[in-house]
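# Observations on chain architecture
The chain contents come next:
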Amino acid sequence: MNCEEARAALLDWLAGPMAANTDPRIANHIATCEACRQFAAAQRSLDARLTAAVPQVSLSPEFRTTLRARLHKPQPRT
Amino acid sequence: MFFATSSGAREYQECGMDDDVQDLLRRRRYADAFEQLLNRYEAKVFRLALALLRDAARAEDATQETFLKLWRALPDYDARASPGTWLYTIARNTCLSAFRSDSYRKTLPLDAISEPAAPARPLLADMEVERCLERLPEVQRTVITLFYLQERRVDEVARMLGIPEGTVKSHLHRARLALSETIKETR
């Protein structure tokens, strides 16, 4: 597995179900390639930051009141 | 594990989450189903709208529109996607319509339509991530928002956007690489 293949596989793994085991070939490559190790570390850091990047803004207190007023009609077909 | 990530819970969290809503819909208990979806998804829909429209007031309007459309469409729900996924699709389409609306165009030069206006105040706690997200093309920003900020799986994002899973992965990869580069540049 070369660097390009390892990085593509790494990104694929990041987009997949996290419970799945990583391809041992990726781990082997990263263990022996400093550049890919740094790439993996950068992706891990980015993954954590994106996951933690929760919006600070929330809906206004009037949101539901306004919505319910607008929902009053029309009713869905039954 | 050499590469543990913080998004690992994604795989499990949505499994069966909307089964109760599907059951209510099967029994035509639309008001109850609507309340469940509102309680479960109003904040998430708002966050998606915020990420796409970059303006809290417009995002709240789009969230209102989304739930109004949902209410009117509930009798037509066909169970092809989970109610949550279906709702996200409505939300995304509503946001894109708002984004392209005449009223929004009036506030932006035509060549800026693909780049949302910068928010008046930070929308995310991590301002650097926010600045970098703003520089992504709309589709990549949407995919990143759905995958990370909304914690949806690739297959769900694909259904919401009506594109193949491989295309979602490709957008996700490109976005991640672009974000890594942008963050590196700002250091």
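Residues numbered from 1 in each chain as written. Chains lettered and ligands numbered in written order. Predicted model: local features only at pLDDT ≥ 70, side-chain atom pairs only at ≥ 80, totals over all residues. Heavy atoms only, no water.

What follows covers the nonpolar core. Grouped together as the largest cluster of nonpolar side chains are 62 residues, with contacts concentrated most on Phe34, Phe67, Leu70, Leu74 and Ile144 of chain B. By residue number, the principal contributor to this core is helix α3 (residues 30-53) of chain B, which donates 13 residues. (Core = buried A, V, L, I, M, F, W, Y, C linked by side-chain atoms within 4.5 Å. Buried < 20%, exposed > 50% of the residue type's maximum accessible area, 1.4 Å probe, protein only. Helix = DSSP H or I, 4+ residues; strand = E, 2+ residues; numbered from the N terminus.)

Let us now look at the packing of helix α4 (residues 63-71) of chain A against α3 of chain B. Close contact between α4 of chain A and α3 of chain B brings their axes to 13 Å; oriented N to C, the two are set at 150°. In the crossing of α4 of chain A with α3 of chain B, the sense of the turn from one axis to the other is right-handed. In contact with Phe63, Arg64, Leu67, Arg68 and Leu71 of chain A of α4 of chain A, α3 of chain B contributes Phe34, Glu35, Leu38, Asn39 and Glu42 of chain B. (Axes fitted to C-alpha atoms, helices over the stretch in contact; angles between N-to-C directions. Left-handed = near helix turned anticlockwise from the far one by under 90°. Contact = heavy atoms within 4.5 Å.)

Residues and elements named next belong to chain B. Of note in this structure, Arg28 is not a glycine but carries a positive phi near 60°. Its location among the elements puts Arg28 in the loop between α2 (19-26) and α3. For Arg28, a relative accessible area of 58% gives the class exposed. Phi is positive for Ala79, close to 65°, though the residue is something other than glycine. Within the secondary structure layout, Ala79 lies in the loop between α4 (56-73) and α5 (83-100). Judged by relative accessible area, which is 47%, Ala79 ranks as partly exposed.

Geometric values such as these leave the question of function open.
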